[in-house]
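# Structural description and commentary
Each chain is listed here by its residues.
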Amino acid sequence: MKKLIMDKDQLIQGWIKRKIITDKKIISAFQELNRENFILEEYKDQAYADYPLPILAGQTISQPTTIAIMTSLLEPKEKNKILEIGTGSGYQAAILGKIVGSGGKIISIEIIEELAEFAKANLKKENITNVEIIHGDGSVGYEKQSPYDRIIITAATPKITDELIGQLKDYGLLVAPVGYDIHSLVMTKIIKQKNTITKHEFGSFSFVPLRGIKGFE
Ligand code: SAM
């Protein structure tokens, strides 16, 4: 199969053209951040290739277009407090950190300690200081710093639990790939408004599974 290797600008222009991202703050975050800083040395030449790449511990940094779609669906705003479940390389957290700015905060939780440390080192290279990485099981969210304006799960989630929705603020949004078949997950957006939960679905995606007590184990 032919590899689709692009540069940063080609990737972002493609998203703008296809209206995958329209928000100026989101566009700027992708432009400012160097994805090379979140990629293992041996894959750096493929930093802007539009497919997932291996990171440590058998995990992956998601395909750039998937990250763009999820970021857009999440509608992150300046000063938001956002929980990310599945830190991986720290790239998605860094994108969100750029968008929420110094008045906001990203709490990102990772179950594999080696990856939590990898992400911390990657964020340092980009001088990002508003992202806190927690080593732990995010399948139950992270109650301690709740409620959140936004929650994003970047691993295949069997279901969105009431416990997670309970950690969202009123008018909060949650985005996650949901389903029991990790190769055919439904990208799902939950909107919480007072006592009403609205669910929207956006196409089929593949992800590594969410582990932990409310995950696939
Ligand atoms: N967002 C990441 C990035 O920007 O590189 C990519 C995430 S990767 C597709 C999924 C990550 O979720 C893996 O690093 C995996 O170890 C982590 N993970 C799986 N189950 C988890 C859990 N219960 N709590 C926290 N992290 C988990």
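### With respect to the packing of aromatic side chains
Enumeration over the complete set of coordinates arrives at four aromatic pairs. Here the aromatic rings of Trp15 and Phe30 are separated by 5.0 Å at their centres, their planes lie at 70 degrees, and the arrangement is edge-to-face. In this pair, Trp15 sits in helix α1 (residues 8-17) while Phe30 sits in helix α2 (residues 24-32), placing the two residues 15 residues apart along the sequence. Overall, Phe30 belongs to the buried group, its relative accessible area being 2%. Between the aromatic rings of Phe38 and Tyr91, the centroid separation amounts to 5.5 Å while the plane-to-plane angle is 70 degrees, which identifies the pairing as edge-to-face. You can see Phe38 sitting in the loop between α2 and β1 (53-54) and its partner Tyr91 sitting in helix α4 (residues 91-100), a full 53 residues away along the chain.

### Regarding the site of the ligand
Neighbouring the ligand are 26 residues, the closest being Ser89, Glu110, Asp137, Gly138 and Arg211. Contact distances for the ligand include 2.9 Å between a nitrogen atom and a side-chain N or O atom of Glu84. One nitrogen or oxygen atom from the side chain of Asp137 is found 2.9 Å from a nitrogen atom belonging to the ligand. Burial of the ligand by the protein amounts to 99% of the accessible area it has alone, namely 610 Å².

### Thoughts on the environment of Lys98
Along the polypeptide, Lys98 turns up in helix α4. With a relative accessible area of 27%, Lys98 lands in the partly exposed category. Between the alpha carbons of Lys98 and Lys79 there is a distance of 10 Å; along the sequence they are 19 residues apart. The contacts of Lys98, once residues within four sequence positions are left out, are Lys25, Ala29, Glu32, Leu33 and Ile128.

### Points about the pattern of salt bridges
Following the criterion strictly, the structure yields eight salt bridges and no others. In this structure, the salt-bridge partner of Lys98 is Glu32, at a minimum N-O distance of 3.6 Å. Placement of Lys98 in helix α4 and of Glu32 in helix α2 is noted, with a sequence separation of 66 residues between them.

### Comments concerning the pairing of strand β8 (residues 185-193)
Among the nine residues in β8, seven count as buried, and that is most of the element. In terms of strand pairing, strand β7 (residues 168-178) meets β8 through six bridges, oriented antiparallel. Within β8, the position partnered with Val178 by the bridge is Val186. Taking the residues that link successive antiparallel strands as the turn, the β7-β8 hairpin has six residues, and the phi of Gly179 there is positive, at about 150 degrees. Relative to strand β9 (residues 196-205), β8 runs antiparallel, the two sharing eight bridges. Across the sheet, Thr188 pairs through a bridge with Glu201, a residue of β9. Taken together, β8 and the strand that follows it, β9, pair antiparallel across an intervening segment of two residues, in which Lys194 is found at a positive phi of about 50 degrees.

Basis of the calculations
- Residues numbered from 1 in each chain as written.
- Predicted model: local features only at pLDDT ≥ 70, side-chain atom pairs only at ≥ 80, totals over all residues.
- Heavy atoms only, no water.
- Phe/Tyr/Trp six-rings, centres within 6.5 Å; stacked < 30°, edge-to-face > 60°.
- Helix = DSSP H or I, 4+ residues; strand = E, 2+ residues; numbered from the N terminus.
- Buried < 20%, exposed > 50% of the residue type's maximum accessible area, 1.4 Å probe, protein only.
- Near = heavy atom within 4 Å.
- Polar contact = N/O pair within 3.5 Å; in protein donor to acceptor, adjacent residues only side chain to side chain.
- Areas by Shrake-Rupley, 256 points an atom, 1.4 Å probe, with all protein chains shown as cover.
- Contact = heavy atoms within 4.5 Å.
- Salt bridge = Lys/Arg side-chain N within 4 Å of Asp/Glu carboxyl O.
- Pairing = 2+ DSSP bridges.

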